[in-house]
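# Topology and contacts: notes
Below, each chain spelled out in residue letters.
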Amino acid sequence: MTPDMPHDFVERLLTRRRFLTRTSAGLGLLAVASILDPKALVRAAPSGDALGSPHFQPRAKRVIHLFMGGGPSHVDLFDPKPKLRELHGEEMPKDVLGQQRVTLMTRNQGHFRAATTPYGFSRRGASGVEMSDLLPHIGGIADEICLIRSLHTEPINHDPAVTFMQTGRPQPGLPCMGSWVTYGLGSESADLPRFVVMLSGPFDQPIPSRYYHSGFLPSEYQGVQFQPGGDPVLYLGNPPGVTKEKRGALVADVNDLNRMRCDCVGDPEIEARITSFELAFRMQTAVPELMDLGSEPASVLDMYGPDARTPGTFAHNCLVARRLVERGVRFVQLFHRGWDAHGNIVNELKRQTAATDRPSAALVADLKMRGLLDETLVVWGGEFGRTAYGQGDLSGAFGRDHHPRCFSVWLAGGGIRGGVTIGETDEFGYNVVSDPVHVNDLHATLLYCLGIDHERLTFRFGGRDFRLTDVAGKLISQAT
Amino acid sequence: MAPIQLLPAVFAAILAMPPGDARPASDGSRVSFDRDVRSILAENCFACHGPDPAARKAGFRLDVRDSATRPAKDGLVPVVPGDPGNSELVRRIRAADVSDRMPPAETKKTLAESEKALLERWIAEGAEYEPHWAFVRPVRPSVPGVSDPSWVRNEVDAFILARLDAAGLKPSPEADRATLARRLHLDLLGLPPSVGVVESFESDPRPDAYERLVAAVLSSPRFGEKMAVQWMDLARFGDTNGYHFDSTREMWLWRDWVIDAFNADMPFDRFVIEQIAGDLLPDPTIGQLIASGFNRNTRFNEEGGADPEEFVVTYAKDRVNTLGQTFLGMTLGCAECHSHKYDPVTQREYYALTAYFNSIDEPMVSMNHGQKLPPLVKVPRPEDERALADLRKEKAALDASIAAALAEVEYAEPGGDGAERDRVEIVLFDDAVPAGATANPVEGENVAWEFAGASADAFVPASGERAARVGGAGTRQVSFRGAEKKLRVGPGDRLFAHVCLDPSDPPDAVMLQFHAGDSRGGWNHRAFFGEDVIAHGADAKGTAAHFRAGGLPAPGRFARLEVDAAAVGLFPGSVVNGLAFTTHGGTALFDRAGLVTATPQSPEEIVLVDDEAPDGAKLEGDSPWEWVEAPRPVFSGKRATFRKGTALTQHFFTDAARPATIREDDVLFAHVFPDANDPPRTVMLQWNDGAWEHRAYWGEDLVPWGKDGTASRRRMGELPEPGRWARLEVTASDVGLAPGAKVSGFAFTQVGGSVYWDRAGVASLSAVPARARVSLAEWEAWAPGDERVPADVREAAAVPGEKRTAEQSKLVRDHFLRRVFEGTRETFDPLEERRDSTLKRLAEVDAAIPTTMISRELPERRPAYVLERGDFLQRGEEVGPALPALFGAPLSGAPESRLGLARWLTGDENPLVARVLANRLFALAFGEGIVRSLGDFGTQGDPPSHGALLDWLATELHLDGWSVKELLRTLVTSAAYRQSSVVRPGPHDEVDPENRLLHRARRFRLSAEEVRDNALAVAGLLSEKIGGPSVMPYQPDDFYKGKKEDWPWETATGEDLWRRGLYTFWRRTCLHPSFAIFDAPSREQCVVWRARTNTPLQALTTMNDPTFVEAARVLAQSVLTASSAADDVGRLKLAFRRAVARPPSATETAKLREILDRERAAFAADPDGARALASFGATPRPETLDPVEHAAMTAVANVILNLDETVTRE
């Protein structure tokens, strides 16, 4: 793929509006409606708009993706391997390792010694799925979740692997899943962005805005990052001396003058600008209201844990995520970094699970309590797993290297079957042995839950119809 | 039939035709493959029956006549010319059975009836093929006749009016002069015209008033800036490296070169050649080298785990993709993984193109984040040249003074009876593993430390009461390292140990190994005795790591083993802190080991503070340094410093002219006297080696800096006993000062109390001892091990005296006299100090000279390969540089280098480059290209709306010496350009809903940079400075929070806050938010076109971004103080005109007055709010202005700057 002219989509559609005979039918038209009139977002929501109905009966209306940046270790968290305990410190069998490409970090290490997790695993929930004792809270929702142990990806370095998980291909420049989904479905919120991103965790991996960019899709489909400090949305706050009421009056002034101009020049783009200003003004009220957790009862805050009151933490972001989907935001993505445990898996995992276990489980439970879980798909996982062999000296604080050949993610809500485990890895947790699930399959399933046929949500760019699942992807049928 | 009477269904049919400029096929003329058929086949058929052999089904392709008209695999002929009935293609597209029908159902593509009919007609008419229009060299077309020649101002208009005529449309009337002036300025300069310019144009009665305005605009230096922005998108210019770390890079000289080139109207062919291959031109100028940085604009990955091989390929691919998009208008990148499915470019041809670019010399993977990435060219500014010349002159004068002083010195070696008499034995090991040491620290052939005593084992130890026993099969050893006691090795020293071989089990060999710290080779100091059977260091036989020192002594009694320290690589300045005793194939007892030395074993003190701060030091503190003398407490010399405080307080220095270089095992020290009557709670020492991240404290943990328990805040113990002097000591490595660190700053910190401080510095076992500073002969022995001595002097000193050349002897002697000898310090110190500081300034000036990355070929070409699925690990066939076959046979003197490639691009035969440029310039002037897909002229690209016009413009470039300015002049002086953009009632929007025929001018939003620049220009804030390093205007404070917080963003001051947007620092992974929100690309890769979206985030930006708020405030004060406006209406009109050029209508004026009156009343009731808004930002405000008036006008200005029209080119 190379970049090409992003077709000047909006501009064309605005003029096409009065000439629909030329426009082919398709999901893109939902997107059109959302540009022309944010209120139409609500009208054009997944079911029943004449312009384009979903391909299937949607189960989920919204997605919360808890992205665990850096690559959480599946063999320490979700995929117990007694064999590693047995062979701890011994060279991994050659036939298990195969002809793999490893990073420069362990390529020169000279040994690939099996390394057991220092943590215990227990059976959880009615399904009896085994999970690490580091995850007592996620264990507590075991019957709500579908655990995939056989996910695999292609790239071995972070940047391309995250890009792959976000966009279905490792090269930069393609739209991310949140952009595809909101392009296809618009939003149910007239006052908030359609696709919201929040970051947390230690600063070990940069999260460039490219990860939540709309690529060649129009840029209004890119994720809006809520900032952990200052205005949650950039430039949301009025300058000193301009009160909310004054801003309301000034926006009305701008729009009055714009209407006068529109009467003279007849350009429908001006109507769109008027709508943008109205939405911007509504956001100035809606976003602070959203971010104000004062109305949350202490019991709810406590459920998410002590960090929930601190902006910028994963727990806080989880609670905000719930409030976002409650208000109709289509796609929420939380990036939590710090899983790249090359050096000290024991301590780093403790730190990571301490920050994420409880809030992740609380989010699912909270959604369920409110009756939102059925229509909200929650996805939890990183860009790849970690090696079954240790990086560094196993007698010391060893770590694990990147491992794209298998890793674990879990899904919950939004039409996903709970208490299910999909796929199996070998006794080292190194290769998939049954029911492999590719990243493109995960994307196909995510779209399916939203009522979208992944082969039919396309965008013409550079002479080719692109889609989130590139040229692959199949539904994980056991999951739904 | 008049078009106005067409039924909607018919309009649709006409518009479904490719809008080529010839009349569509429906009027009865022949079907054209290129115009009518190819796009249908490309869209529906080529994916399986096209250029890519890997994807081809049924063994035939439809893009080549030979294949389409021959029997396919199944024996049936897809296309039988003249006979649609027998053509399998026709049968399949008409098939009733879905499983038989083409295109197959799973492609989800269907052919319209009109498309099927066209294909049939084409076959019936003979199925003639034509090459794709864009791959054929443009031929200058004749200018068509039109309905209204009086409308035609130049050829552009004839082509445009001919198409409007055919569609039955009329062009729009000419726009008014204010609109024209603003349009022209925004299109060509990216800035609005001043009210003065608009007014004088409006009142200019000359018939060529407009042409004069065009000429003025084209000669403005702002033109180059506007053009550069587009070129920077194409050339993927950024101020950072992109990828993971996204460090800063210095590349702005290239950007300035582009601005200058456009301003000078450099012919575009030269512009291309110099950028792709400026370095390969004969005797390239600095400018041509700078231009060649075009290729280096590629992102650069600094990630440690990345594979260098991968990035050779990645960078070359990026360059090919850029070549395709920027010059050829082709999506070559599609052929990276497989042959192109639509255009005739094979995967092999793609990789042959990478071979032009994969031998550019550049670093591959670096972890030196932020380092420059050579090759570079340095371009001194005039002020740099002047400073360098001055400093060089200064240095020459000092060199002359030093040489003269040297000639005066008479040095005589001090007498004395040699050092030998003073040698003493220093014991490191006897009877036990020494205190502080780790026993057997390394995994290996260890045996446990076991001590045999005289009584039980029937032997007499060499010393003390017992000896260590080592033995067993193969190699066995005991070891320790990190002893508290350390051996300080001096010149001529010898190491020794005692050994007694077991007579009943004598080993074949024993080895002594010495540990000297990691930076001095660790364990690589070994002497063995007996056979060469011990493997340690055996890959470096004969060196200090594996030195044979002699044979084995007789078994049964202790013998003394000795070895020259130098023979095992322990030169003067080395410090030994560990030993290993090793045996092979037997057992031995080891006893009493150490060093015979004439060197004092106490460390040398390098004093930084004692009675004086060091030379050059900048003294700072919460209050000035306070020196006190006896009778108050003084530890050494005449005076100490004193500090009293109630909370955290300190004094410190930085920038010592001669920093202390840290060596392994060095100890930092200072002396402290806490007042017994007023003791502090904490004392802390801090050291600066460029950063204050090295701290040690005694007492309570009260200082918040750093992180406790780490090198940034290390607790050393209790507060020293008050009322007496204590020596504070910290091992340098404990506070993170590694060998080589240069300590040039020292802080004395306390919490509360009264404290005296004295004599502080570094105690070093490695440093040259005092007596070497009075004896050249002694110093020569130390010099080779002293890393502060310049390498050439050390090398010369290492040569034994009698073997040195005269030159070497002089080098050693001169250095000794200039830098070391105590007798000449008074003479040389002041000179050397001045010379050092001159050299430092020279280095600083030199380092500050701007650089930019350039292209350079490796001496030997790297091989390029076809890569399966684009994967760098899956190499296929090797390929050399070559052009795709679609461009015909290689020219004579085939272009095998970048220079050849560049010459071919700009040569007469190239079908694409001139068209692609003409199209881009057309888009600049008309808002959209003739070919709408600016980067795709291939078969899947949008067909041209005015193909003949495009060819006319392309040939115009050829005829006019590739002048960009002249082509733009032609475009903007046309009548088509001057049309109004107002939507007219009537059929125009029904017949031509996308305005592809240009029945009016287009109205579109300004680009990200223009939105900013326009607001600043309207306010009168915009800086006119051209070029220079990129700047950092306002950006939200927390913008990097949670992303990568160590990215620098130091908000600019003064003029740099108000530079044009193209000078804003372009961080590729995290673009300035106000630009990203307005669709500016990250420039991680080539971008040919920016979207023009319209979002609420944009509204928030223009309402609240401090840049826009300050612009509104300054616009307000500017109209309030303008002499040309006397009252509210006059001021409102002036503000409005500055924003949109035209005067407001009566209703608009009324509305503006209403806003002003309302805000005036509101702010009168809120004077604090008024003052806050009226003084927002960095620009001074005239204090004579009433804040209420100012704030009210600011609110109106904010409205004006937020109008749709203000951010729109009309």
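Our structure is the block above this text.
Attention here is on the structure that accompanies the text. These numbers come from a predicted model, not from an experiment.

## Brief notes about the layout of surface pockets
All names here are of chain B. Roughly 1,800 Å³ of volume is contained in the second largest pocket. Lining the second largest pocket are 45 residues, with Arg658, Pro659, Arg788, Arg819 and Asp836 sitting closest to its centre. Element by element, the count of residues in the lining of the second largest pocket is highest for helix α22 (residues 825–848), at 9 residues. For the lining of the second largest pocket, the class distribution of residues is 16 nonpolar, 7 polar and 22 charged.

## A short note on the pairing of strand β19 (residues 667–674) of chain B
All names here are of chain B. Here β19 lies mainly inside the structure; 8 of its 8 residues are buried. Burial of β19 is two-sided: the residues Val667, Phe669, His671 and Phe673 facing one way and the residues Leu668, Ala670, Val672 and Pro674 facing the other way are all buried. With 6 bridges joining them, β19 and strand β23 (residues 726–731) adopt antiparallel strand pairing. In the strand pairing of β23, Val667 is matched with Thr731. Looking at chain direction, β19 and strand β25 (residues 745–764) are connected through 8 bridges and run antiparallel. In the strand pairing of β25, Val667 is matched with Ala763.

## Quick notes on the packing of aromatic side chains
Inspection of every chain in the model, using the stated rule, returns 67 aromatic pairs over all chains. Their ring planes at 35° and their centres at 6.1 Å tell us that Tyr389 of chain A and Tyr430 of chain A sit as a pair that is tilted. In this pair, Tyr389 of chain A is assigned in the loop between β9 (385–386) and β10 (402–403) and Tyr430 of chain A in the loop between β13 (424–425) and β14 (432–434), connecting sequence segments 41 residues apart. The pair formed by Tyr389 of chain A and Tyr430 of chain A is uniform in burial state, with each residue classed as buried. Seen in terms of ring centroids, Phe652 of chain B and Trp692 of chain B are 5.6 Å apart; in terms of plane orientation they differ by 85°. Their pairing is edge-to-face. With Phe652 of chain B in strand β17 (residues 639–654) and Trp692 of chain B in the loop between β20 (682–688) and β21 (694–699), the pair connects residues that are 40 residues apart, well separated along the chain. The exposure class assigned to Phe652 of chain B is buried, which follows from its relative accessible area of 15%. Residue class for Trp692 of chain B comes out partly exposed when judged on its relative accessible area of 23%. One aromatic cluster in this structure is built from Trp231, Trp257, Phe262, Phe268, Phe271, Phe294, Phe327 and Trp962 of chain B. The lysine or arginine in question, Arg1083 of chain B, covers the ring of Trp1066 of chain B, its NZ or CZ lying 3.8 Å from the ring centre.

## Overview of the interface of chain A and chain B
The partner chain B presents 102 residues to the 91 residues of chain A that form the contact. Taking both sides of the interface into account, the surface hidden between chain A and chain B amounts to around 8,100 Å²; carbon and sulfur atoms contribute 56%. Applying the counting criterion to the chain A and chain B interface returns 10 salt bridges. Arg210 of chain A is the salt-bridge partner of Glu1084 of chain B, the closest N and O atoms lying 2.8 Å from each other. Between the two partners, chain A and chain B, sit 20 residue pairs in polar contact (both at pLDDT 80 or more). Secondary-structure elements contributing two or more residues to the side of chain A that touches chain B are α1 (9–16), α7 (104–107), β6 (224–225), α11 (244–265) and α12 (268–291) of chain A. No other element matches α11 of chain A, which puts 14 residues into the side of chain A that touches chain B. Among the residues forming the side of chain A that touches chain B, the class breakdown is 39 nonpolar, 24 polar and 28 charged.

About the criteria used
Residues numbered from 1 in each chain as written. Chains lettered and ligands numbered in written order. Predicted model: local features only at pLDDT ≥ 70, side-chain atom pairs only at ≥ 80, totals over all residues. Heavy atoms only, no water. 1 Å grid on protein atoms, 1.4 Å probe; cavity = no way out; pocket = protein on both sides within 12 Å on 5 of 7 lines; lining within 4 Å. Points joined across faces, edges and corners; volume = space filled by probe spheres on them. Helix = DSSP H or I, 4+ residues; strand = E, 2+ residues; numbered from the N terminus. Nonpolar A, V, L, I, M, F, W, Y, C, P; charged D, E, K, R; others polar. Buried < 20%, exposed > 50% of the residue type's maximum accessible area, 1.4 Å probe, protein only. Pairing = 2+ DSSP bridges. Phe/Tyr/Trp six-rings, centres within 6.5 Å; stacked < 30°, edge-to-face > 60°. Lys NZ or Arg CZ within 6 Å of the ring centre and 35° of its normal. Contact = heavy atoms within 4.5 Å. Buried area = accessible area lost by both parts, 1.4 Å probe. Salt bridge = Lys/Arg side-chain N within 4 Å of Asp/Glu carboxyl O. Polar contact = N/O pair within 3.5 Å; in protein donor to acceptor, adjacent residues only side chain to side chain.

Read these as layout, nothing more, since geometry by itself doesn't imply function.
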